[in-house]
Amino acid sequence: REYVKMVRFEDTLHGHAFYVTAACGIVDTYLRIVAKPARDAAAAAAEEAGGGLSVQERKKAESKRRKAEAKAKAEAEAQAKRDADAKGKDGKGGKKGGGKEKPPDDDPYGEALASV
């Protein structure tokens, strides 16, 4: 019974206004994508490489990028060194354990608790 309802709904679906609007939108979008002239590969590569910048501006941007990479690498090395130093001082391996020792247990077998 439910299957028959679904098949009847599918038969009338193409007549619904929302379906027609959505289908027209999909077709328009597809046609715009297909009709759009393909960009020249050389022009695209030149734009990507230079981005419309002069030679001096490109060199400056590349220099900034290299400096930022070097700074990030130095920070990562310094952090790794700090972690290694902290690990060596505790003898336990970093944050785990917190460097605090557990206090001795006065009643390890729970006899005092059981007598209550």
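Look up a bit, the structure's there.
What comes next concerns the included structure. (Residues numbered from 1 in each chain as written. Predicted model: local features only at pLDDT ≥ 70, side-chain atom pairs only at ≥ 80, totals over all residues. Heavy atoms only, no water.)

## A short note on the overall build of the protein chain
Okay, so step 1: In terms of helices and strands, the protein chain carries 5 helices and 0 strands.
Okay, so step 2: If you list the helices and strands of the protein chain from N to C, you get α-α-α-α-α.
Okay, so step 3: Counting only residues that meet the buried cut, the protein chain has 1% of its 116 residues in that class.
Okay, so step 4: About 11200 Å² of surface is accessible on the protein chain, with carbon and sulfur atoms providing 59% of the total. (Helix = DSSP H or I, 4+ residues; strand = E, 2+ residues; numbered from the N terminus. Buried < 20%, exposed > 50% of the residue type's maximum accessible area, 1.4 Å probe, protein only. Areas by Shrake-Rupley, 256 points an atom, 1.4 Å probe, with all protein chains shown as cover.)

## Here we look at the pattern of salt bridges
Pairing between side chains of opposite charge can happen when the charged atoms of each approach one another.
Okay, so step 1: As enumerated under the stated definition, the model contains 4 salt bridges in all.
Okay, so step 2: Two residues, Glu 62 and Arg 66, come together in a salt bridge whose shortest N-O distance is 3.7 Å. Of this pair, Glu 62 and Arg 66 both sit in helix H4 (residues 55–90), 4 residues apart, roughly one helical turn.
Okay, so step 3: Owing to a relative accessible area of 28%, Glu 62 belongs among the partly exposed residues under this scheme.
Okay, so step 4: Shared partners join several salt bridges into a network, and the residues in it are Glu 62, Arg 65, Arg 66 and Glu 69. (Salt bridge = Lys/Arg side-chain N within 4 Å of Asp/Glu carboxyl O.)

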